[in-house]
Amino acid sequence: MRANAWAHGVAEAVADKLGVLRRQAKGDLKRFKAYIEARGMESGSWRGEV
């Protein structure tokens, strides 16, 4: 996945340089994947193509 984020202010710029935003996004994606896979079945929602 690719996402763009721009730092606004000193605190965000420092967090960006330390890789905090990247680690947060990776953790969020891993938790979302685990959540979806743990459901074990489809939700009954849309089945189209993207």
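Here, the structure is the one placed above.
Just so we're clear, the structure is a prediction, and the values are computed from it rather than from any experiment. (Residues numbered from 1 in each chain as written. Predicted model: local features only at pLDDT ≥ 70, side-chain atom pairs only at ≥ 80, totals over all residues. Heavy atoms only, no water.)

Colleague: Would you mind going over the layout of surface pockets in detail, with residue names and values included?
Modeller: Within this model, the largest pocket holds a volume of roughly 470 Å³. Around the largest pocket sit Met1, Arg2, Ala3, Asn4, Ala5, Asp16, Gly19, Leu21, Arg22, Ala25, Lys26 and Leu29, which together line it. In terms of residues, the lining of the largest pocket owes the most to one element, helix 2 (residues 20-39), which gives 5 residues. Of the residues belonging to the lining of the largest pocket, the class tally is 6 nonpolar, 2 polar and 4 charged. (1 Å grid on protein atoms, 1.4 Å probe; cavity = no way out; pocket = protein on both sides within 12 Å on 5 of 7 lines; lining within 4 Å. Points joined across faces, edges and corners; volume = space filled by probe spheres on them. Helix = DSSP H or I, 4+ residues; strand = E, 2+ residues; numbered from the N terminus. Nonpolar A, V, L, I, M, F, W, Y, C, P; charged D, E, K, R; others polar.)

Colleague: Describe the pattern of salt bridges, with residues and values.
Modeller: In a structure, side chains of opposite charge can pair up when their charged atoms sit close to one another. Under the counting rule described, the total for this entry stands at 2 salt bridges. A salt bridge links Arg31 to Asp28; the shortest N-O distance between them is 2.5 Å. Here Arg31 and its partner Asp28 are both found in helix 2, 3 residues apart, which amounts to about one turn of the helix. Across the pair Lys33 and Glu37 runs a salt bridge, and its minimum N-O distance is 3.3 Å. Of this pair, Lys33 and Glu37 are both found in helix 2, 4 residues apart, which corresponds to roughly one turn of the helix. (Salt bridge = Lys/Arg side-chain N within 4 Å of Asp/Glu carboxyl O.)

Colleague: Break down a nonpolar patch on the surface for me, citing the residues and quoting the values.
Modeller: Residues Val10, Val14, Leu18 and Val20 make up a contiguous nonpolar surface patch of about 370 Å² in total accessible area. Per-element accounting of the nonpolar patch gives the leading share, 3 residues, to helix 1 (residues 10-18). (Patch = residues over 30% accessible without salt bridge, like charges linked within 9 Å, V, L, I, M, F, W, Y side chains within 5 Å. Areas by Shrake-Rupley, 256 points an atom, 1.4 Å probe, with all protein chains shown as cover.)

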